[in-house]
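What the coordinates show
Take a look at the letters that make up each chain.
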Amino acid sequence: SQTIHQWPATLVQPVGSPLSLECTVEGTSNPNLYWYRQAAGRGLQLLFYSVGIGQISSEVPQNLSASRPQDRQFILSSKKLLLSDSGFYLCAWTGMYGYTFGSGTRLTVV
Amino acid sequence: QKEVEQNSGPLSVPEGAIASLNCTYSDRGSQSFFWYRQYSGKSPELIMFIYSNGDKEDGRFTAQLNKASQYVSLLIRDSQPSDSATYLCAVNMFGNEKLTFGTGTRLTIIP
């Protein structure tokens, strides 16, 4: 069966520090992968999606970037975090029936 | 105009009653419709999806779609305290796997 792993679960980072969040998928090949952010009390905002290795589409201009170095690996990065980057970051892949989400990373920028 | 709109709630429903959650969408090209449940601090999990007009039932859950009126709803029968969560409506268009989410409705089941 397909599973999606996301880590770390929680992260507290100072303003200006770098960020790297990782997501991996098992049990499927060539998945479409997505990074979403959910700010406190707000909806899910699509940040990036990828249809294959090295193929990244950005939905929202910001200081974040994404990379897909392997078929089932999707990484979200930042060189310098801002306070506004705080939120709940979710990785997802599309199966036959909608998205399956990872367990999420709660990022607090202090 | 928001693409997918939901009443943010909170919606309070007595235990055992029917909870009715509604969602409207703006793009008539929307083809697939999904309901996700999100417990506080957790990631969303898929409850139901619906593609065709009418009702689709799965256990205590019924999704209803009316493309002419551009709304989709979720009914939860015999509501339980464990149904207390935020329910997210999501929509995608033909040929586009990207989902657009509403902001969610917070549902509280009162014992």
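Below, the structure is looked at part by part.

Quick notes on the rules
- Position labels on residues start from 1 in each chain and follow its written sequence.
- Starting at A for chains and at 1 for ligands, labels are handed out in the order in which the entities are written.
- For this predicted model, a pLDDT threshold of at least 70 governs which residues receive local features, and a threshold of 80 or more governs which side-chain atom pairs are given and counted, while totals over whole chains, interfaces and linings are taken from all residues.
- Hydrogen atoms and water are omitted, and side-chain values are computed over all heavy atoms in the structure.
- Disulfides are defined in this document as cysteine sulfur pairs within 2.5 Å.
- Helix and strand assignments follow DSSP, with helices taken as H or I runs no shorter than four residues and strands as E runs no shorter than two, numbered in order from the N terminus.
- Working definition: with a 1.4 Å probe on protein chains only, accessible area under 20% of the residue-type maximum means buried, over 50% means exposed, and in between means partly exposed.
- Residue contacts follow a heavy-atom distance rule, with two residues in contact if any of their heavy atoms lie within 4.5 Å.

With that settled, the discussion passes to the state of the cysteines. For the structure shown, the criterion picks out two disulfides over all chains. Linked covalently through their sulfurs, Cys23(A) and Cys91(A) form a disulfide whose S-S length is 2.0 Å. Disulfide Cys23(A)-Cys91(A): the torsion about the S-S bond is -70 degrees, which places it as left-handed. One end of the pair, Cys23(A), is in strand β3 (residues 19–26); the other, Cys91(A), is in strand β9 (residues 87–94), and 68 residues separate them in sequence. The pair Cys23(A) / Cys91(A) is uniform in exposure class, with both members buried. Between the sulfur of Cys23(B) and that of Cys89(B) lies a disulfide, 2.1 Å long from S to S. Given an S-S torsion of about -70 degrees, the disulfide between Cys23(B) and Cys89(B) has left-handed geometry. Residue Cys23(B) is located in strand β3 (residues 19–25), and its partner Cys89(B) is located in strand β9 (residues 85–93); the two are separated by 66 residues in the primary sequence. Classification of Cys89(B) by relative accessible area gives buried; the value is 0%.

Residue and element names in this part refer to chain A. For valine 110, the location among the structural elements is in the segment after β11 (105–109). Counting along the chain gives 53 residues from valine 110 to serine 57, while the straight-line C-alpha distance between them is 28 Å. For valine 110, the residues in contact, after removing those within four places along its chain, are Val12, Gln13, Pro14, Val15 and Leu83.

Here we come to unusual backbone geometry. In the segment running from Trp7(A) into Pro8(A), the intervening peptide bond is cis, with an omega of 0 degrees. With respect to the secondary-structure elements, Pro8(A) resides in the loop between β1 (3–7) and β2 (10–13). Along the chain, Gly9(B) connects to Pro10(B) via a cis peptide bond; the corresponding omega equals 10 degrees. Structurally, Pro10(B) is set in the loop between β1 (4–6) and β2 (11–14). Phi at Asn30(A) takes a positive value of approximately 50 degrees, unusual for a residue other than glycine. Assignment of secondary structure puts Asn30(A) in the loop between β3 and β4 (33–38). By relative accessible area, which is 48% here, Asn30(A) ends up partly exposed. Unusually for a residue other than glycine, Gln70(B) sits at a positive phi of about 60 degrees. Residue placement: Gln70(B) occurs in the loop between β7 (61–66) and β8 (71–76).

Residue and element names in this part refer to chain B. As for its position among the elements, glutamate 5 is in strand β1. Along the primary structure glutamate 5 and glycine 102 are separated by 97 residues, whereas in three dimensions their C-alpha atoms are 5.3 Å apart. For glutamate 5, the residues in contact, after removing those within four places along its chain, are Asn22, Cys23 and Thr24.

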